[in-house]
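Inside the fold
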Amino acid sequence: MSEWNIITYREIPKETIMFVGVPDVGLVGSIAASFIVSSLKLELSIGLDSDKIPPIVLFHKGKPYFPVRLYSSNKFSVLISEIALPIEAIYSLSKLILDIAIENKVKRIVILSGVPVPNRIEIKTPRVFAATISNEITEFKKSKDIELLKEGIIGGIYASILKESIKRKFPSYALLAESHLHYPDPGAAGSLIEKINQIYDTNIDTKPLFEQAEEIRLKLRELMKRTLEQLRRSGKEYEYTIPHLYA
Amino acid sequence: MEDWFSEYIRRIKREIDKTFKEIESEFFSPLIDYNNKCLIPLYDVKETINEIIIHVDLPNVKSKKDIEVMISETEVIVEAKLVRSIKFEDLVIYGKQAYDKFRLEIPLNVPVETEKAKAIFRNGMLEIHIPKKIRFHKIEIE
């Protein structure tokens, strides 16, 4: 029996590209995913609930929301979370994401996140890397600036989604922008969206995101703090490890 | 039981209670100082052999002229004025008041040379370097 309940508001259209952006390093994926939802005016499709996440209900403009939700349009779907996901929820949520993707004939799962770099403060335009589970995933090459992640370790929920994708032979990949680790990084999220524009012709205007960057940094301090507490227990520390294969 | 031992146990209990209260207060508080209308910024502290490096994220602070850094032998205090005050409309936990500055207090756990500390502010990030009093010197291996 699944550990998650699905609350359906609207049917998920078939054959979408599914972006996943949940709290992680620099909140890059969360910021990018939320910006895609608002820019493309996606509609709420489902809410997800589980006894593996804290009992939280979010209120926005007087309406209640589940903290983990999926929005969609005919072309795209976006999974977001308002809370840092505890390690106890990561495996079962990854499996559920793959179940939803397969059931709704999702074409690709595109994970959005950051890769923390020590000199982020000196970087004006963060580079974006692609980490793919198969050589057959090539659409990210439409953007000449994206580099393939050749060495390194990915930890946390994104690793769990990629592993589940490998097991089920599902085409997933991650887009990772150079980012801060400890601080919300809307600049890195902007870099991701610019690459998404090139790959999927989304034509999202990133100007408002860059204009609101300082306010986003200010308002997401608490979420960043809670996220770091969760990341310490989710395998993220291995991202700073040189893999044995590399030695 | 010996008096000194009872006192020792009481002291440990007081320390444990104090630590739990501090953890609880930090865990359940938003990053604000409501009474002083201050926001508490995010920061991180790194320690190298010879210095302590502190980064403080200060969004909506425009210039180094708006920032004050004070360092004692036990603490660093950072205050920074926001370019405009901010209200968190409809967020009950922040109250109805406007916040117009950041304030941060960071305790130091090693003796430092306060006069030799340096700070730089760029891209909304404050970086403070504080040399430690206890310095390491390289020795020659015979």
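See the structure shown above.
Structural notes, computed from the coordinates.

Scoring rules and cut-offs
Within any chain, residue numbers begin from 1 and follow the written order of that chain's sequence. A letter from A marks each chain and a number from 1 marks each ligand, given out in the order of writing. Given that this is a predicted model, residues contribute local features only at a pLDDT of at least 70 and side-chain atom pairs are listed and counted only at 80 or more, while totals for whole chains, interfaces and linings are drawn from all residues. As a rule here, side-chain values cover all heavy atoms of the structure and leave hydrogens and water aside. Counting from the N terminus, the helices are DSSP H or I runs at least four residues long and the strands are E runs at least two residues long. With C-alpha atoms as the basis for the radius of gyration, the globule rule is written as 2.2 Å multiplied by the number of residues raised to the power 0.38. Only protein chains enter the accessibility calculation, which uses a 1.4 Å probe; a residue is then buried when its area is under 20% of its type maximum, exposed when over 50%, and partly exposed in between. Patches here are clusters of residues that have more than 30% relative accessible area and form no salt bridge, with a 9 Å joining cutoff for like charges and a 5 Å cutoff for nonpolar side chains (Val, Leu, Ile, Met, Phe, Trp, Tyr). All accessible areas in this document rest on Shrake-Rupley with a 1.4 Å probe, and a residue is counted as covered only by the protein chains that are shown. Basic side-chain nitrogens of Lys or Arg form a salt bridge, by our definition, when they fall within 4 Å of a carboxyl oxygen of Asp or Glu. Under the rule applied, a polar contact is a pair of N or O atoms within 3.5 Å (in protein, one hydrogen donor and one hydrogen acceptor; residues adjacent in sequence only if both atoms are side-chain atoms). The contact definition used throughout considers only heavy atoms, calling two residues in contact when any of these lie within 4.5 Å. Two strands are counted as paired when DSSP detects at least two bridges linking them. Axis definition: a line fit to C-alpha positions, over the contact stretch in the case of helices; interaxial angles, taken between N-to-C directions, run 0 to 180 degrees. The buried area of a pairing is the accessible area, by a 1.4 Å probe, that goes missing from both parts when the two are put together, added over both.

Some points on the overall build of chain A
For chain A, the count of helices and strands is seven helices and eleven strands. Over its C-alpha atoms chain A spans a radius of gyration of 17 Å, differing by no more than 12% from the 18 Å that the globule rule assigns to 247 residues. Taken over the C-alpha atoms alone, chain A extends approximately 45 × 40 × 35 Å along its principal axes. Among the 247 residues that make up chain A, the fraction classed as buried is 56%.

Re a nonpolar patch on the surface
Residues Trp4, Phe5, Tyr8, Ile9, Ile12 and Ile16 of chain B make up a contiguous nonpolar surface patch of roughly 570 Å² in combined accessible area. For Ile9 of chain B, a relative accessible area of 41% translates into the label partly exposed.

Some details on unusual backbone geometry
Glycine aside, the phi torsion of most residues is negative, and most peptide linkages are trans. Residue and element names in this part refer to chain A. You will see that Glu15, though not glycine, has its phi angle at about 60 degrees, which is positive. Along the chain, Glu15 falls in the loop between strand S1 (4-8) and strand S2 (17-21). Of the residues examined, Glu15 reaches a relative accessible area of 45% and is grouped as partly exposed. A positive phi angle, near 50 degrees, is found at Leu27, a position not held by glycine. Structurally, Leu27 is set in the loop between S2 and helix H1 (28-39). When its relative accessible area of 0% is taken as the criterion, Leu27 is described as buried.

Comments concerning the pattern of salt bridges
For the coordinates displayed, the defined rule picks out 23 salt bridges over all chains. A salt bridge links Arg103 of chain B to Glu79 of chain B; its shortest N-O distance comes to 2.3 Å. With Arg103 of chain B in strand S7 (residues 99-107) and Glu79 of chain B in strand S6 (residues 75-86), this residue pair connects regions lying 24 residues apart in the sequence. Residue classification places Arg103 of chain B among the partly exposed positions, given a relative accessible area of 21%. Residue Lys116 of chain B is joined to Glu113 of chain B by a salt bridge in which the shortest nitrogen-to-oxygen separation is 3.3 Å. Classification of Glu113 of chain B as buried rests on a relative accessible area of 17%. Through salt bridges that share partners, Asp99, Glu164, Lys167 and Arg168 of chain A make up one connected network.

Thoughts on the side chain of Ser72 of chain A
All names here are of chain A. Looking at the secondary structure, you find Ser72 in strand S6 (residues 68-72). For Ser72, a relative accessible area of 1% gives the class buried. Side-chain polar atoms of Ser72 contact the side chain of Ser45, separated by 2.5 Å. Contacts of Ser72, omitting those with residues within four sequence positions, involve Arg10, Glu11, Ile12, Pro13, Leu42, Glu43, Ser45 and Ser77.

Thoughts on the environment of Ser72 of chain A
In this structure, the C-alpha to C-alpha distance between Ser72 of chain A and Ile17 of chain A, residues 55 residues apart in sequence, is 9.5 Å. A polar side-chain atom of Ser72 of chain A sits 2.7 Å from a polar atom in the side chain of Arg10 of chain A.

Some points on the sheet that holds strand S8 (residues 118-122) of chain B
Residue and element names in this part refer to chain B. In space, the four strands of this open sheet follow the order S3-S4-S9-S8, with antiparallel pairing throughout. Sheet topology places strand S3 (43-47) and S8 at the edges, where each strand pairs with a single neighbour. On average, adjacent strands in this sheet sit at an angle of 15 degrees to one another, irrespective of strand direction. Bridging between S8 and strand S9 (residues 125-131) involves five bridges; their strand directions are antiparallel. Bridged to Phe121 within S9 is Leu126.

Considering the sheet that holds strand S1 (residues 32-33) of chain B
Residues and elements named next belong to chain B. Judged by pairing direction, the sheet is mixed, and its five strands sit side by side in the order S1-S2-S7-S6-S5 without closing on themselves. Here the strands that pair on one side only, and so sit at the sheet edges, are S1 and strand S5 (67-71). Taken together, the two bridges between S1 and strand S2 (residues 38-39) define a ladder with antiparallel strand orientation. The partner of Asp33 across the bridge, within S2, is Cys38.

Here we look at the interface of chain A and chain B
With 17 residues of chain A in contact, the opposing surface of chain B contributes 28 residues. For the pair chain A and chain B, the summed buried area comes to about 1900 Å², and 55% of that belongs to carbon and sulfur atoms. Taken as a group, Ile121, Tyr183 and Arg221 of chain A account for 36% of the area that chain A buries against chain B, more than any other trio of residues on that side. Summed over the shared surface of chain A and chain B, the number is three salt bridges.

Digging into the side chain of Ser113 of chain A
On the secondary structure map, Ser113 of chain A appears in strand S8 (residues 108-116). Leaving out residues up to four positions away in the same chain, Ser113 of chain A has contacts with Asp24, Val25, Val28, Gly29, Tyr158, Leu175, Leu176, Ala177 and Leu192 of chain A.

A word on the pairing of strand S9 (residues 128-132) of chain A
Residues and elements named next belong to chain A. Of all five residues in S9, four are buried, a share of seventy percent or more. In this structure, S9 lies alongside strand S10 (residues 147-148), joined through two bridges in parallel fashion. Looking at the pairing, Phe129 lines up with Glu147 of S10.

Some points on the environment of Ile80 of chain A
Residues and elements named next belong to chain A. Structurally, the position occupied by Ile80 is in strand S7 (residues 76-81). For Ile80 and Gly21, which are 59 residues apart along the polypeptide, the C-alpha to C-alpha distance reads 5.3 Å. Other than its neighbours up to four places away in sequence, Ile80 contacts Gly21, Val22, Ala33, Ser34, Pro67, Val68, Arg69 and Tyr71.

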